[in-house]
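Chain by chain, the residues:
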Amino acid sequence: MFLTPQEITLAAAAIAAAAALLGVYLTARRDDRRVRLERERQDSMERERWTREDRAIWGERRYEAHTAFAHATLEALRYCESAGEYAPELGNAPRDPESVSPLMLRNRAVSDALVMLELRASAPVREAAEAAADALRQASAAAYAIVGGRGAPEQVESWTDLTKRAKAARDSYLELAQNELGSA
């Protein structure tokens, strides 16, 4: 069975059209794959950028939390070392019943700063911070008692020991915090 010249022309046109469609399909598929790979590469780069930004933000927050705790504990330690000389409400002046004592303010500042560290510090650093906060609370309570005139000689000795323990606990925390922040 032989084909006529018209049938050959139609067959050639059909084959050319099929080849053109196949070429378009293969080219589109290759382009789609290239676009998909480029999109995946862009998404990967974006995720990496977000990860770096998140790390930077958390690094800043961690630094701020450690700074706040270090500052609050320094103020509390100064109060303890001075035996509460910054407690004017214990003097002979009439006391305002609405005022909050400096001891309470310092202890609250230490507690607030400790809360900031809960999510931002590693477990060992957090434990050291909690130990420092507890030691400072004990030492500041002893300082408050000394200044209030209720301190016996053995309480003064206890206050100095508690203050030394609080300083050592704070120094321990600071060393761990510096290592954690990479500033040691």
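To start, this report covers the structure provided alongside it. Just so you know, these numbers come straight off a predicted model, no measurement behind them. (Residues numbered from 1 in each chain as written. Predicted model: local features only at pLDDT ≥ 70, side-chain atom pairs only at ≥ 80, totals over all residues. Heavy atoms only, no water.)

Below, the discussion takes up the side chain of asparagine 107. Following the sequence through the fold, asparagine 107 ends up in helix 2 (residues 102–118). On the accessibility criterion, asparagine 107 (14% relative accessible area) is buried. Reaching out from asparagine 107, the side chain makes a polar contact with the side chain of serine 140 at a distance of 3.2 Å. For asparagine 107, the residues in contact, after removing those within four places along its chain, are Leu136, Arg137 and Ser140. (Helix = DSSP H or I, 4+ residues; strand = E, 2+ residues; numbered from the N terminus. Buried < 20%, exposed > 50% of the residue type's maximum accessible area, 1.4 Å probe, protein only. Polar contact = N/O pair within 3.5 Å; in protein donor to acceptor, adjacent residues only side chain to side chain. Contact = heavy atoms within 4.5 Å.)

Where side chains of opposite charge bring their charged atoms close, a pairing between them can arise. Within this structure, the stated rule accounts for eight salt bridges. Across the pair arginine 49 and glutamate 53 runs a salt bridge whose closest N-O atoms are separated by 2.5 Å. A residue pair is termed a helical-turn pair when its members lie 3 or 4 positions apart in one helix, as arginine 49 and glutamate 53 do in helix 1 (residues 5–81) at four residues. By relative accessible area, arginine 49 is classed as partly exposed at 30%. For glutamate 53, a relative accessible area of 36% translates into the label partly exposed. Of the charged contacts in the structure, one is a salt bridge between aspartate 171 and lysine 167, with a shortest N-O distance of 3.4 Å. Residue aspartate 171 and its partner lysine 167 are both found in helix 4 (residues 153–181); the two are separated by four residues, about one turn of the helix. A residue is classified by how much of its surface remains accessible, and aspartate 171, at 35% relative accessible area, is partly exposed. Residue classification places lysine 167 among the partly exposed positions, given a relative accessible area of 37%. The network of salt bridges with common partners includes Glu46, Arg49 and Glu53. (Salt bridge = Lys/Arg side-chain N within 4 Å of Asp/Glu carboxyl O.)

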